[in-house]
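Per-entry structural report
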Amino acid sequence: MAVTEPKKIIIDTDPGIDDAMAIFVALQSPEVEVIGLTTIYGNVYTTLATRNALHLLEVAGRTDIPVAEGSHVTITKGTKLRIADFVHGADGLGNQNFPPPKGKPIEQSAAAFLVEQANLYPGKVTVVALGPLTNIALATQLEPAFAKNIGQIVLLGGAFAVNGNVNPAAEANIFGDPDAADIVFTSGADILGVGINVTHQVVLTDADREKLARSNGKFAQYLCKVLDVYFSYHRDAYSTKGVYLHDPTTLLAAVNPSLITYTEGVVRVQTNGITRGLTILYNKQKR
Ligand SMILES: O=c1[nH]cnc2c1ncn2[C@@H]1O[C@H](CO)[C@@H](O)[C@H]1O
């Protein structure tokens, strides 16, 4: 039987409690090889995202994986960022006051790293984008062939035919940088978009969490510590007895796309007005 090579993935991330889960899922999945993490603002500011990415790799014993720091501002140089510390805690990881990581990010920017890896392995690298799409948009501007060279972009973003989670129109990652999102969606790249219409169907319940607490696994024990804040937020905001697994679901869409059903079409993003951040899908059924 032919042995299939693991899919090379770069995770663009703003850790983030559900980002931590997604990173651990990736590191536990033989189907994928994590060749780098790139960081972005969203759940936390970019500086803290970099610190948390390095910390999570140290927890996992995978300091061989490079971390490239991403943009601190939106694609239009906007500095008024919407940071979801009310979802993830001030430190992004459930207010656990973890010690600072020993490692450092590489010299390259996230966009430069993305471009380099896509050129190095044309058509073979999947970017799993778990935050606002600024770094990916910057990569398309840095290298016009990026959209062609990157294998696939699997992204968590958008609310397709449902309300957003920031406001009725917008989902948090798209709302974080709608201009960047529209650049990415119109870049010509092969994109697999996972919206909150999908991720709101994937819930880690209180019972699941108790099961996790009974596990001796290193990742299970770590996640039980950081999950409190995420559970409290969901209880207050949604009255749910559980949490939405946004980022892990998106990561799993890259590991095994057959877990989710898709529709094919064209997506544009509203970049101004009260519906700024709205994702619109034209599903090609009309000719
Ligand atoms: O209400 C919210 N406001 C802002 N961000 C949120 C909210 N709920 C979840 N997320 C975060 O945004 C991404 C999914 O949209 C996830 O990373 C999630 O942790």
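- Under the annotation held in an unreviewed UniProt entry, the chain carries the name Inosine nucleosidase and is attributed to Prunus persica.
- Annotation of the chain in UniProt includes, under Subcellular location (unreviewed entry), the sentence "Cytoplasm".
- If you open the UniProt record of the chain and go to Sequence similarities (unreviewed entry), you find "Belongs to the IUNH family."

1. Looking at the nonpolar core
- With 47 residues, the main nonpolar core has Ile 11 and Leu 37 as its most contacted residues.
- Elements that contribute at least two residues to this core include exactly β1 (7-13), α1 (17-27), β2 (32-39), α2 (46-60), β5 (152-156), β6 (191-194), α11 (218-238) and α12 (246-255).
- Setting aside chain neighbours within four positions, we find Leu 37 in contact with Ile 11, Ile 23, Ala 53, Leu 57, Ile 65, Pro 66, Val 67 and Ala 68.

2. Examining the site of the ligand
- Close to the ligand lie 15 residues, the nearest being Asp 18, His 88, Asn 165, Glu 171 and Tyr 233.
- Interatomic distance of 2.9 Å between a side-chain N/O atom of His 88 and an oxygen atom of the ligand.
- The side chain of Tyr 233 places a nitrogen or oxygen atom 2.4 Å from an oxygen atom of the ligand.
- The fraction of the free accessible surface of the ligand (410 Å²) that becomes covered by protein chains is 98%.

3. Some details on the pattern of salt bridges
- Throughout the structure, instances matching the rule amount to 5 salt bridges.
- Between Lys 8 and Glu 33 there is a salt bridge whose closest N-O contact spans 3.5 Å. With Lys 8 in strand β1 and Glu 33 in strand β2, this residue pair connects regions lying 25 residues apart in the sequence.
- Residues Asp 228 and Arg 209 are paired through a salt bridge, measuring 2.4 Å at the closest nitrogen-oxygen approach. Placement of Asp 228 in helix α11 and of Arg 209 in helix α10 (residues 206-214) is noted, with a sequence separation of 19 residues between them.

4. Some details on the environment of Val 127
- Note on placement: Val 127 falls in strand β4 (residues 125-129).
- Val 127 sits in the buried class, given a relative accessible area of 0%.
- If we ignore the near neighbours within four places in the chain, the residues touching Val 127 are Ile 10, Asp 12, Leu 114, Ile 136, Ile 150, Gln 152, Ile 153 and Val 154.

Cut-offs used in this document
- Residues numbered from 1 in each chain as written.
- Predicted model: local features only at pLDDT ≥ 70, side-chain atom pairs only at ≥ 80, totals over all residues.
- Heavy atoms only, no water.
- UniProt positions renumbered as here; feature names shortened; annotations may be inferred.
- Core = buried A, V, L, I, M, F, W, Y, C linked by side-chain atoms within 4.5 Å.
- Buried < 20%, exposed > 50% of the residue type's maximum accessible area, 1.4 Å probe, protein only.
- Helix = DSSP H or I, 4+ residues; strand = E, 2+ residues; numbered from the N terminus.
- Contact = heavy atoms within 4.5 Å.
- Near = heavy atom within 4 Å.
- Polar contact = N/O pair within 3.5 Å; in protein donor to acceptor, adjacent residues only side chain to side chain.
- Areas by Shrake-Rupley, 256 points an atom, 1.4 Å probe, with all protein chains shown as cover.
- Salt bridge = Lys/Arg side-chain N within 4 Å of Asp/Glu carboxyl O.

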